[in-house]
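Structure at a glance
Below, each chain spelled out in residue letters.
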Amino acid sequence: MKQLGEILLEEGLVTEAQLMAALDEQIVRGTSLGRVLVELGTLTEGQLVSALAGQVGMQFVDLDSYPVDRAAVSRLGGAVCRRYTVLPIGFQDGSILLAMADPGNVLAVDDVRSLTGMQVLPVVATHEDLLRAIDRYVRADGEMNDLTSAFEEEQEKLSDIDLSRLGDSVDDDAPIVRYVNLIVSQAITDRASDIHIEPTEHDLRVRYRIDGVLHEMQRSPKNISGGVISRVKILSDIDIAERRKPQDGRMSINHNGRKIDLRVATLPTVWGEKIVMRILDNSTASLDLRDLSFGEENYEVYSEAFHKPYGMILVTGPTGSGKSTTLYATLNAVSRPEINVITVEDPVEYRLPGINQVQVNPKAGLTFAGALRSILRSDPDVVLLGEIRDHETAQIAIEAALTGHLVLSTLHTNDAPSAVTRLVEMGIEPFLVGSAIDCIVAQRLARRLCGKCKEPYEPSDVELEASRFPWLPGEEKPVLHRPGGCTTCSGTGYRGRLALHEVMRVTEEIERHAVAGSSSAEIMKTAVKQGMRTLRDDGWMKVVDGHTSIEEILRVVA
């Protein structure tokens, strides 16, 4: 059998110099040659596994481009696929093709043979590709349909009075319990940020918001909606008997060993109560600001503001534009054992270690303004205020920023200059607004092009002019990218999101605009003249860099 080094040299994957350097490093590290080459960046994981497969005479498959046969996938249960990290991907000469990260796992091969009743032909894939493919193909849809049928049979035995009480069931194997668990676990697997459970006139619709766009995932018979909604309410500690007014709650689940929190809101509609569950992944709270796609100049301006010992920083944008994530990342950057950080939130979305977090409770008389007034007597250095909603809260926050505290908060405005005029409209004295605020960040989230299938192209003159792209006729056209569509991104052409930023430093000239009562358009003109990059301009830079598309920028920025 040929050695791995010989195979890599024959296939042109490494040079002799790289191989010799890796062999020397192997002696130092005491690990395998292949692992050393991957850690040095000489090979990718896929290239290594392909070479190892060739070494033992086995076929290597790239699951991101391989045409997986769903009929083969359906022959094996999801639990077995996940237990052994295997996936049936097709049929060949009466045998079932089984993608495996460890083709030497005889136990897995034997189990698959007995469960499918077919001979198994193992092929090799990378562990990471297999996990992604299992998430993609071994979906819960079929099991959900089976549970819906079982749930309907269960309902037929009950009177109408008992239907809403089905959610009370504590039996983990009850159809309603498994149905709700599957909706939530599939949403987390699909990287959804929100789950919408919506009763309509004829059925119960389930939609997931993935990368900022809603996708319909499931429709079930109308008569199961009462039990599903009751079950979610019980898990979220929401009053099951109250159906006439909106309610809020929170629940936690374990998903693949991770604790995931969900914020739950109910809303009475004409066809019944709608439920929206916001998935709060705690890993988001530990993000570094550098991971939030700030441009270099924008980051410098923002970093200068949050490293000051006092003043106010505002992050603005619509709901779901990533404001909280930016503020939490900022807290991670400023939080140190020697300073006292206190937050006032409604609700507390993420639990942060080493930070004092206060939950607003209007029923108990603990409002934003009341909580903020109280915590200023608790000797804080940094205060995070979930949202500035009214004059009283804004007034106390401004005064805190002027008396030696760093105040971080959010405001609902369309761009950074509008935040100045919005505070003045709230009744804050204009000269206080200009003095207290150091920096305002407007933010939007755009979908990121899938790295596997994005396509380079040269845009037409008409497309550039229609989108108001910063290009003049006669200039050399930039090479842009557009969405393709592959199995990795479920055919959408996009995977993940990136933030667009508009970072406005409040200079003396902008302070004078605030005092003079200038419009947001005049403030915008001055800020741009002083070097501020608008949301759209930041978007165009990310289009030129190949991160997103023209269509996506036009979708999220006016």
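Residues numbered from 1 in each chain as written. Predicted model: local features only at pLDDT ≥ 70, side-chain atom pairs only at ≥ 80, totals over all residues. Heavy atoms only, no water.

1. Some thoughts on the overall build of the protein chain
Helix and strand content of the protein chain: 23 helices and 18 strands. Looking at the 558 residues of the protein chain, the share that counts as buried comes to 50%. Contacts in the protein chain between residues far apart in sequence, at least 24 positions, make up 62% of those at least 6 positions apart. When the accessible surface of the protein chain is totalled, it reaches about 26,400 Å², and 49% of it is carbon and sulfur. (Helix = DSSP H or I, 4+ residues; strand = E, 2+ residues; numbered from the N terminus. Buried < 20%, exposed > 50% of the residue type's maximum accessible area, 1.4 Å probe, protein only. Contact = heavy atoms within 4.5 Å. Areas by Shrake-Rupley, 256 points an atom, 1.4 Å probe, with all protein chains shown as cover.)

2. Some details on the sheet that holds strand S1 (residues 86–92)
Sheet architecture is open: 3 strands sit in the order S1-S2-S3, paired in mixed fashion. Taken across any chain shown, the strands that pair with only one partner, and hence form the sheet edges, are S1 and strand S3 (119–124). Between one strand and the next, the sheet's axes are offset by a mean angle of 35°, whatever the strand orientation. Across 6 bridges, the pairing between S1 and strand S2 (residues 95–100) is antiparallel. For Leu87, the partnering residue across the bridge sits in S2 and is Ala99. Each of S1, S2 and S3 touches helix H7 (residues 106–116); the most contacted strand, S3, lies at about 135° to it. Sheet contacts for helix H8 (residues 127–137): S1 and S2; angle to S1, the most-contacted strand, approximately 75°. (Pairing = 2+ DSSP bridges. Axes fitted to C-alpha atoms, helices over the stretch in contact; angles between N-to-C directions.)

3. Overview of the packing of aromatic side chains
For the structure shown, the criterion picks out 4 aromatic pairs. Ring plane angle 70° and centroid distance 6.3 Å describe the contact between Phe294 and Tyr299, whose orientation is recorded as edge-to-face. The burial state of Phe294 is the same as that of Tyr299; both residues are buried. Note on Phe294 and Tyr302: the rings are 5.4 Å apart at their centroids and 10° apart in plane angle, and the pair reads as stacked. Per residue, the accessibility class of Phe294 equals that of Tyr302, and both read buried. The rings of Phe294, Tyr299, Tyr302 and Phe306 are connected pair by pair, giving a single aromatic cluster. (Phe/Tyr/Trp six-rings, centres within 6.5 Å; stacked < 30°, edge-to-face > 60°.)

4. Thoughts on the pairing of strand S15 (residues 437–449)
Here S15 lies mainly inside the structure; 11 of its 13 residues are buried. By the bridge criterion, 10 bridges tie S15 to strand S18 (residues 494–505) in an arrangement that is antiparallel. By the bridge assignment, Ala446 is partnered in S18 with Leu498.

5. Points about the UniProt feature "domain: Bacterial type II secretion system protein E" (unreviewed entry) in the protein chain
With numbering aligned to this structure, UniProt lists the feature "domain: Bacterial type II secretion system protein E" (unreviewed entry) at residues 376–390. Along residues 376–390 one finds 0% helix and 27% strand; the C-alpha atoms at either end are 18 Å apart. (UniProt positions renumbered as here; feature names shortened; annotations may be inferred.)

6. Structural notes on the sheet that holds strand S12 (residues 356–359)
Here 7 strands make up an open sheet; going across it, the order is S12-S11-S13-S14-S10-S15-S18 and the pairing mixed. Two strands close off the open sheet at either side, each with one partner strand: S12 and S18. Direction aside, neighbouring strands of the sheet carry axes that sit 20° apart on average. Its contacts with the sheet put helix H22 (residues 535–544) on S15 and S18, and the angle it makes with S18 is roughly 135°.

7. As for H7
Each α-helix turn comprises 3.6 residues. Residues three or four places apart therefore point the same way. Restricting attention to buried positions, one finds in H7 the residues Ala108, Val109, Val112 and Thr116. When H7 is viewed along its axis, its buried side chains cluster within an angular range of 100° and face the same direction. Summarising the geometry of H7, the exposed residues directed more than 90 degrees from the buried face are Val106, Leu107 and Ser114. Close packing links the buried residues of H7 with helix H6 (78–84), S1, S2 and S3. Among the residues trailing H7, Gly117 stands out with phi positive, at a value near 70°. (Arc of directions from axis to C-beta.)

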